[in-house]
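Here's the letter readout for the chains.
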Amino acid sequence: MKKIAIAAVLTAGLALSACEANVKDEGELPSMDVDVSGDAGKLPEIDVETADVEVGSKEVTVDVPDVDVKMPSEK
């Protein structure tokens, strides 16, 4: 069970280290009055660069053994 937990932590660490996020603008929280009027605030601007992943396929021929099955005769 510990091996699975270690593998999960390592996989999560690898996935998180595959991107780089640069925050361009910190943003701000909305200001609110007690009478429910306020400034809408501003969301932060974030530039995210993800890892380049190439996905492809290729056709492979696999030799498999020839298996003869002899069933026992029924009585």
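The number of helices and strands found in the chain is one helix and two strands. Helices and strands appear in the chain in the N-to-C order α-β-β. Out of the 75 residues belonging to the chain, those deemed buried represent 0%. As displayed, the chain offers around 7900 Å² of accessible surface, 58% of which is attributable to carbon and sulfur atoms.

Counting all residues, the mean pLDDT for the chain is 81, and 88% of those residues have values of 70 or more. Looking over the chain, one finds the lowest element-wise mean pLDDT in helix α1 (residues 2–16), namely 77, and the highest in strand β2 (residues 45–49), namely 86.

So, about the pattern of salt bridges. Here the structure, examined in full by the defined rule, presents one salt bridge. In this structure, Lys 42 engages Asp 25 in a salt bridge whose closest nitrogen and oxygen atoms are separated by 2.5 Å. Taken together, the residues Lys 42 in the loop between β1 (20–25) and β2 and Asp 25 in strand β1 connect sequence positions 17 residues apart.

On the surface, Val 23, Ile 46 and Val 48 cluster together into a nonpolar patch covering about 260 Å² of accessible area. Among the structural elements, Val 23 can be located in strand β1. The exposure class of Val 23 is partly exposed, given its relative accessible area of 47%.

With that out of the way, let us pick up the environment of Glu 45. Secondary-structure assignment places Glu 45 in strand β2. Sequence separation of Glu 45 and Asn 22 is 23 residues, and the distance between their C-alpha atoms is 8.8 Å.

Definitions and limits used
- Here the residue index of a chain counts from 1 through its sequence in written order.
- Per-residue local features are limited, in this predicted model, to residues with pLDDT of at least 70; the limit for side-chain atom pairs, both in listing and counting, is 80 or more; totals at the level of whole chains, interfaces and linings are taken over all residues.
- Heavy atoms from the whole structure form the basis of all side-chain values; hydrogens and water molecules are not counted.
- Numbering of helices and strands runs from the N terminus, with a helix taken as a DSSP run of H or I at least four residues long and a strand as a DSSP run of E at least two residues long.
- Buried residues are those whose accessible area, probed at 1.4 Å on protein chains only, stays under 20% of the maximum for their type, while exposed residues exceed 50% and partly exposed ones sit between those limits.
- Only the protein chains shown count as cover for residues, with accessible areas throughout obtained via the Shrake-Rupley method and a probe of 1.4 Å.
- Each residue carries a pLDDT score, the predictor's own confidence in it, on a scale running from 0 to 100.
- Any carboxyl oxygen of Asp or Glu that lies within 4 Å of a side-chain nitrogen of Lys or Arg is treated as forming a salt bridge with it.
- Exposure above 30% relative accessible area and no salt bridge define the residues that can form patches, which grow by joining like charges within 9 Å and nonpolar side chains of Val, Leu, Ile, Met, Phe, Trp and Tyr within 5 Å.

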